[in-house]
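# An overview of the molecular structure
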Amino acid sequence: AQTVTQSQPEMSVQEAETVTLSCTYDTSESDYYLFWYKQPPSRQMILVIRQEAYKQQNATENRFSVNFQKAAKSFSLKISDSQLGDAAMYFCAFAITGTASKLTFGTGTRLQVTL
Amino acid sequence: KAGVTQTPRYLIKTRGQQVTLSCSPISGHRSVSWYQQTPGQGLQFLFEYFSETQRNKGNFPGRFSGRQFSNSRSEMNVSTLELGDSALYLCASSYLADPYNEQFFGPGTRLTVL
């Protein structure tokens, strides 16, 4: 079975600063995807960034980037130049290639952005 | 393009009743997945449908069931409701049933069981 662990229940960052959210996972599979989803107070889950396990290059989407360490089974999210709109719950998720779209989620990290 | 829609948005039921939730995927999407979100258990996968066939099922009792229609709309049903079924139920759609395809989530249905 796959597990996803987010050890930081809450994080806080000042506007314009950088913050890193941690995620570790456990799997015996070699072919999988990792995701970071954002769930704002409106509750609509939004995909922030995605990483294919076979790719060594870390994914980047504008101010969002990941640090994917496959051997360590670590997948952290870095948010640069934080904005008030980044305040939300962030979920790390995992899916095995070829097993439909089943996502296994971590428990989430609540990110506060302060002025 | 319209997003994933879920109806109703809020629902209050009593123990022992049954409930049906509906999810309309993004036009052209053929895969619909359902998730239960609770403060205690977090986000848990319920099941996934693709082209009217259940492709994957999570670890939930048989009281939880679903189906998908030929237009890709999906329903999930919970029979004999228990207090612990109170949750936000999210559905997500994607073009194909593969993690490569981005899943788009709906706003959820908030179910309260009294």
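Up top is the structure.
Here goes a summary of the coordinates provided. Just so you know, these numbers come straight off a predicted model, no measurement behind them. (Residues numbered from 1 in each chain as written. Chains lettered and ligands numbered in written order. Predicted model: local features only at pLDDT ≥ 70, side-chain atom pairs only at ≥ 80, totals over all residues. Heavy atoms only, no water.)

## Here we look at the state of the cysteines
All names here are of chain A. Quick note on the threshold: Any two cysteine sulfur atoms lying within 2.5 Å of each other are counted as a disulfide. Helix and strand assignments come from DSSP, with helices taken as H or I runs of at least 4 residues and strands as E runs of at least 2, each series counted from the N terminus. Throughout this description, buried means an accessible area under 20% of the type-specific maximum (1.4 Å probe, protein chains only), exposed means over 50%, and partly exposed covers the range between.
Throughout the structure, instances matching the rule amount to two disulfides over all chains. With its sulfur 2.0 Å from that of its partner, C23 forms a disulfide with C92. Measuring handedness by torsion sign, the sulfur bridge of C23 and C92 sits at about -70° and is left-handed. With C23 in the loop between β3 (19–21) and β4 (24–26) and C92 in strand β10 (residues 88–96), the pair connects residues that are 69 residues apart, well separated along the chain. For the pair C23 and C92, one class covers both residues: buried.

## Observations regarding the environment of L111 of chain B
Residue and element names in this part refer to chain B. Which entries qualify depends on this criterion: Residue contacts are counted whenever heavy atoms from the two residues lie within 4.5 Å of one another.
Within the secondary structure layout, L111 lies in strand β11 (residues 109–113). A relative accessible area of 1% means that L111 is categorised as buried. Residues L111 and F47, 64 residues apart in the sequence, show an inter-C-alpha distance of 18 Å. Ignoring any residue separated from it by four or fewer positions in sequence, one finds L111 in contact with L11, K13, V19, L81, D85, S86, A87 and Y89.

## Quick look at unusual backbone geometry
Cis geometry marks the peptide bond from T7 of chain B to P8 of chain B; its omega dihedral reads -10°. Here P8 of chain B lies in the loop between β1 (5–7) and β2 (10–13). Backbone geometry at A16 of chain A places phi at a positive 80°, although glycine is not the residue there. The topology assignment puts A16 of chain A in the loop between β2 (10–14) and β3. The residue S51 of chain B is not glycine, and still its phi comes out positive at about 45°.

## Notes on the interface of chain A and chain B
Bring the parts together and some accessible area is lost; that lost area is often taken as the interface size. For clarity, the threshold we go by: Accessible-area loss on putting two parts together, using a 1.4 Å probe and summing over both, is the definition of buried area adopted here. Each salt bridge in this description consists of a side-chain nitrogen of Lys or Arg and a carboxyl oxygen of Asp or Glu lying within 4 Å of one another. Any pair of nitrogen or oxygen atoms within 3.5 Å is treated as a polar contact; in protein, a donor-acceptor pairing is required on top of that, and neighbouring residues in sequence qualify only through side-chain atoms on both sides. Classification convention: Asp, Glu, Lys, Arg as charged; Ala, Val, Leu, Ile, Met, Phe, Trp, Tyr, Cys, Pro as nonpolar; all other residues, Gly among them, as polar.
Between chain A and chain B, the contact holds 21 residues from the first and 25 residues from the second. Between chain A and chain B lies a buried interface of about 1,900 Å² when both sides are counted; carbon and sulfur atoms form 53% of it. Linking chain A to chain B there are zero salt bridges. One can count three residue pairs in polar contact (both at pLDDT 80 or more) joining chain A with chain B. The leading source of residues in the side of chain A that touches chain B is strand β5 (residues 32–39) of chain A, at four residues. Of the residues in the side of chain A that touches chain B, the class split is 11 nonpolar, six polar and four charged.

Fair warning: the whole summary comes from geometry, so function is off the table for now.
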